[in-house]
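One-letter residues, chain by chain:
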Amino acid sequence: MNNSVTNSARLLGAALRALLALTLVTGVGYPLLVTGVAQAAFHDKANGSETRADGRVVGSSLIGQQGYSLAYFQSRPANGLGTNSVNTQYKLILSGATNLSADSKKLIASIEEAKAKVVKDNSTADYRVLPSQVPADAVTSSGSGLDPDISPAYAELQVHRVAERNHLPVGTVDKLVQDHTEGRTLGFIGEPRVNVLELNIALRELVEGR
Amino acid sequence: MGPVLAGVLQLLALIGALALAYIPLGNHMARVYSADRHWRVERWIYRGVGADPDTEMRWPAYLRAVLAFSLVGVLFLYLLQRLQGVLPGSLGFSSVNPAQSFNTAVSFVTNTNWQSYYGEQTMGHVVQTAGLAVQNFVSAAVGMAVAVALVRGFARSRTGEIGNFWADLVRGTVRILVPVAAVAAVVLVACGAIQNFSGIHEVGQFMGGSQQWNGGAVASQEAIKELGTNGGGYFNANSAHPFENPTPFTNLFEIFLILLIPFALTRTFGVMVGSVRQGYAILATMFTIWVGFVALMMWTEFTHHGPALQLAGGAMEGKEVRFGVGGSSIFAVSTTLTSTGAVDSFHSSFTGLGGGITLLSMMLGEIAPGGTGSGLYGILIMAVIAVFIAGLMVGRTPEYLGKKIGPREIKLSAVYILITPALALVLTALSMALPTPPHSMLNSGAHGFSEVLYAFTSAANNNGSAFAGLNANTDWFNTMTGIAMLLGRFLPMVFVLALAGSLAGQRPVPATAGTLRTEKPLFTGLLVGAILIITGLTYFPALALGPLAEGLAS
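This one's a predicted model, so the numbers in the text were calculated from it and none came from an experiment. (Residues numbered from 1 in each chain as written. Chains lettered and ligands numbered in written order. Predicted model: local features only at pLDDT ≥ 70, side-chain atom pairs only at ≥ 80, totals over all residues. Heavy atoms only, no water.)

Student: Could you give an account of the overall build of chain A, with specific residues and numbers?
Tutor: Scanning chain A from terminus to terminus reveals 6 helices and 7 strands. Ordered by position from the N terminus, the helices and strands of chain A form the series α-α-β-β-β-β-α-β-α-α-β-β-α. In terms of overall dimensions, chain A is more spread out than a globule: its C-alpha atoms have a radius of gyration of 25 Å, far above the 17 Å expected for 210 residues. Projecting the C-alpha coordinates of chain A onto the three principal axes gives extents of approximately 90 × 45 × 40 Å. Taken across its 210 residues, chain A has 54% of its residues classed as buried. Within chain A, counting contacts between residues at least 6 apart in sequence, those at least 24 apart form 58% of the total. Total accessible area on chain A stands at roughly 9,600 Å², and carbon and sulfur atoms take up 57% of it. In chain A, which carries 20 positive and 20 negative side-chain charges, the distance between the mean positions of the two groups comes to 8 Å. (Helix = DSSP H or I, 4+ residues; strand = E, 2+ residues; numbered from the N terminus. Rg over C-alpha atoms; globule rule 2.2 N^0.38 Å. Buried < 20%, exposed > 50% of the residue type's maximum accessible area, 1.4 Å probe, protein only. Contact = heavy atoms within 4.5 Å. Areas by Shrake-Rupley, 256 points an atom, 1.4 Å probe, with all protein chains shown as cover. Lys, Arg positive; Asp, Glu negative; His and termini not counted. Charge placed at Lys NZ, Arg CZ, Asp CG, Glu CD.)

Printed below as a string of structure tokens:
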């Protein structure tokens, strides 16, 4: 009995020392090494791909923003975002999805509402949007709630509204969208997309530089 | 090019990349686990541990070392979270409460990475990098060690010895996981994943005002999270978060990392048992199931049945534009057929049948290709069962790799495959029968039931993904999923190691004309069938109540 207790204690001691040694390798050495390389070689990316406009930081090109006025291109809905409830000295955005199921009444209602709003907002005096034209990404929330992109179809849909509100020719805004449409990587990886923040920065420059 | 074709091409590119890595990595791992020499850094660690890496262990000693190391890991991680409030470098985040600390500690040590917390508001730098990420490495290394011990059981004869746990643990970490993860982390940073130790970042927004982000060692954690089939995200949105998974390329790269070691271990197995064709037969089994499930998932997600998705015109709820339906489908199947549980899109909002596929993927026991290590030992147990069934058909004593599958071997294997279904189904039933646990469900009806079934299936199989609508941060779910993860991880290991010891002690039986040729396609077919029928049918009634009911109604 006594012997087995000593043996167990010895084994647990060895296990603890193994954990501490491996913590040094994988929990201290490894992250510091990667951070060193990252900060030296990819400084901007390692710190969040901050994007500047008019000399100030206006966000990250990777993190989608909400609350654009109708003069600008709109992001996807983000109904899954939360605010922090634990460490409330910060006002962190909590990434997340709605997690509503494909047969959820709540999800159906929110999609109906979003669709009606997209149709209404984007129909101008000489351009009518049909509900069937509204792409899926315009009325659904993304996985992170921080999707920086919209589909080219959703961007196209907004061109007439944006042109009208900014008193720009439709063709000019259309060209802006074309220029900011990124195709699939190597032609087949992922989906074509338009980065909303970068598009809106370019739009503002166009409007202000006129 | 349409999105379906692009999805298929991504799948083909992924298969090509995995095929290129298969032989070099598989051979490398076989050399690592068979090498006589020790690296200098390894010698330092052995000296610190006070263990002789060249002493062979019998299975009870090997098991005791696995359990001791894991127990210490749980206690250490628990204390780290409980003390977070007073640790420097924690961004001023408070300590985590006891039930959640227990759940999270168990979750990361068991390679599950079920998360009942929001990463960005709960865990500071120290807990993330020196606690959670460390277990991402070592829990994967433990899985690989146990798998290699079982392989040695098949490869060795007339000895009860199955290797040295400390040597297997340290080598797996230092020679396999750390080098690959370091390269992968740098690739992720180059594409935009963040890697810094700054505090909370406050930056301006386009329309005015400001937003706050977490800084952190995200890329380094992301790399091992996928490579070690762990799955615990730095952020709540996991691999859907742009800082974890910034581009379509990183998405495909992360899927590659998830599948890399589990597939390549079949090569390691083949080399170590002296017949790479035996490894190919196991590989073919894993590959068939994986490709089949990916195809099914793409089909159901692209057709997007379900009233909400029909109304929206596509299954984009819970999915990112840059990944699209194709990339998200490949990720979802790969993460649930391994023990990863990372998500780049939210399974709860998939079509009813798509959600069912993620559930069934986990229910198969995560063996196609399965977790790092756990996938290999899981499928070898199924191979033993398949050989036994074949033996029954022709009335011969079954053999596998020159070892007799006698009463002891088949009992150990049979108990192994009963553990996880028992845990998942009993705890789901208890949760539905008790008055308060169902209050955690976000959705109602069949989908609500699926949320609970998914939670316990995920925990018992050490997956860690979720139908995340479920509010799992209650004492009931924190405790019960914690217990499911512990028993679902370590009870099977007991039987695997006992089997390894039993096989290693046998004398080999020479192959005769009547021996079942387990390196042939016929055996692969038999094994696929055994996996689908035995484990699939165990869960059929539960699946019928949840995802099948939802999928057929829409």
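Student: Give a description of the overall build of chain B that names residues and reports values.
Tutor: The helix and strand inventory of chain B stands at 18 helices and 4 strands. At 22 Å, chain B has a C-alpha radius of gyration in line with the 24 Å of a compact globule built from 554 residues. Overall size of chain B, expressed as C-alpha extent along the three principal axes, is 75 × 55 × 50 Å. Taken over 554 residues, chain B has a buried fraction of 66%. For chain B, the share of sequence-separated contacts (at least 6 apart) that also reach a separation of at least 24 residues comes to 78%.

Student: I'd love a proper account of the sheet that holds strand E7 (residues 193-195) of chain A, names of residues and values included.
Tutor: Residue and element names in this part refer to chain A. Reading across the sheet, the 3 strands line up as E5-E7-E6 and stay open at both edges, with antiparallel pairing between neighbours. Each having just a single partner strand, strand E5 (149-150) and strand E6 (181-182) make up the two edges of the open sheet. Its contacts with the sheet put helix H6 (residues 196-208) on E5 and E7, and the angle it makes with E7 is roughly 60 degrees. (Pairing = 2+ DSSP bridges. Axes fitted to C-alpha atoms, helices over the stretch in contact; angles between N-to-C directions.)

Student: Explain a positive patch on the surface residue by residue, including any values.
Tutor: Residues and elements named next belong to chain B. Together, Arg37, Arg40, Arg43 and Arg47 give the surface a local cluster of positive charge. Along the polypeptide, Arg40 turns up in helix H2 (residues 40-49). Residue Arg40 is classed as exposed on the basis of its relative accessible area of 61%. (Patch = residues over 30% accessible without salt bridge, like charges linked within 9 Å, V, L, I, M, F, W, Y side chains within 5 Å. Salt bridge = Lys/Arg side-chain N within 4 Å of Asp/Glu carboxyl O.)

Student: Now, about the side chain of Ser220(B): what can you tell me, with residues and values included?
Tutor: Locating Ser220(B) in the fold gives a position in helix H8 (residues 218-227). A polar contact of 3.4 Å, which involves the side chain of Ser220(B), links it to the backbone oxygen of Ala217(B). (Polar contact = N/O pair within 3.5 Å; in protein donor to acceptor, adjacent residues only side chain to side chain.)

Student: Pulling in residues and values, what's your account of the packing of aromatic side chains?
Tutor: Summed over all chains, the structure comprises 21 aromatic pairs over all chains. Ring centres of Phe165(B) and Trp166(B) lie 5.2 Å apart, and the angle between their planes is 65 degrees; this geometry places the pair in the edge-to-face category. Each member of the aromatic cluster is reached from another via a ring pair, and the members are Tyr62(B), Phe69(B), Phe165(B) and Trp166(B). In this structure, Arg204(A) is placed above the aromatic ring of Phe206(B), and the distance from its NZ or CZ to the ring centre is 3.9 Å. The residue whose ring lies beneath Lys319(B) is Phe350(B), and the NZ or CZ to ring-centre distance is 4.0 Å. (Phe/Tyr/Trp six-rings, centres within 6.5 Å; stacked < 30°, edge-to-face > 60°. Lys NZ or Arg CZ within 6 Å of the ring centre and 35° of its normal.)

Student: With reference to specific residues and values, describe the nonpolar core.
Tutor: With 174 residues, the main nonpolar core has Phe69(B), Phe165(B), Trp166(B) and Tyr400(B) as its most contacted residues. In terms of residue count, helix H6 (residues 125-155) of chain B provides more of this core than any other element does, 17 residues in total. Residues contacting Phe69(B), with those up to four places away along its chain left out, are Ala15(A), Ala18(A), Leu19(A), Leu22(A), Val138(B), Val142(B), Phe165(B), Trp166(B) and Leu169(B). Within the second largest apolar cluster, 39 residues are counted, among which are Tyr154(A), Leu197(A), Phe206(B) and Ala312(B). (Core = buried A, V, L, I, M, F, W, Y, C linked by side-chain atoms within 4.5 Å.)

Student: Describe the environment of Val134(B), with residues and values.
Tutor: Mapped onto the elements of the fold, Val134(B) is located in helix H6. Separated by 87 residues in sequence, Val134(B) and Gln221(B) have C-alpha atoms that sit 9.0 Å apart.

Student: Kindly report on the interface of chain B and chain A, identifying the contributing residues and their values.
Tutor: With 104 residues of chain B in contact, the opposing surface of chain A contributes 98 residues. Each partner contributes to the roughly 8,200 Å² buried at the junction of chain B and chain A, and carbon and sulfur atoms together form 67% of this total. Of all residues in chain B, Gln121(B), Phe206(B) and Val321(B) give up the largest surface area on contact with chain A, accounting jointly for 11% of the area buried on that side. At the boundary of chain B and chain A, one finds 0 salt bridges. In this assembly, chain B and chain A are joined by 43 residue pairs in polar contact (both at pLDDT 80 or more). Residue contributions to the side of chain B that touches chain A peak at 11 residues, all from helix H7 (residues 165-191) of chain B. (Buried area = accessible area lost by both parts, 1.4 Å probe.)

Student: An account of the domain arrangement of chain A is needed here, citing residue identities and associated values.
Tutor: Domains assigned within chain A are domain 1 (2-43) and domain 2 (61-208). For domain 1 of chain A and domain 2 of chain A, the distance between their C-alpha centres works out to 45 Å. (Domains from an automatic or database assignment.)

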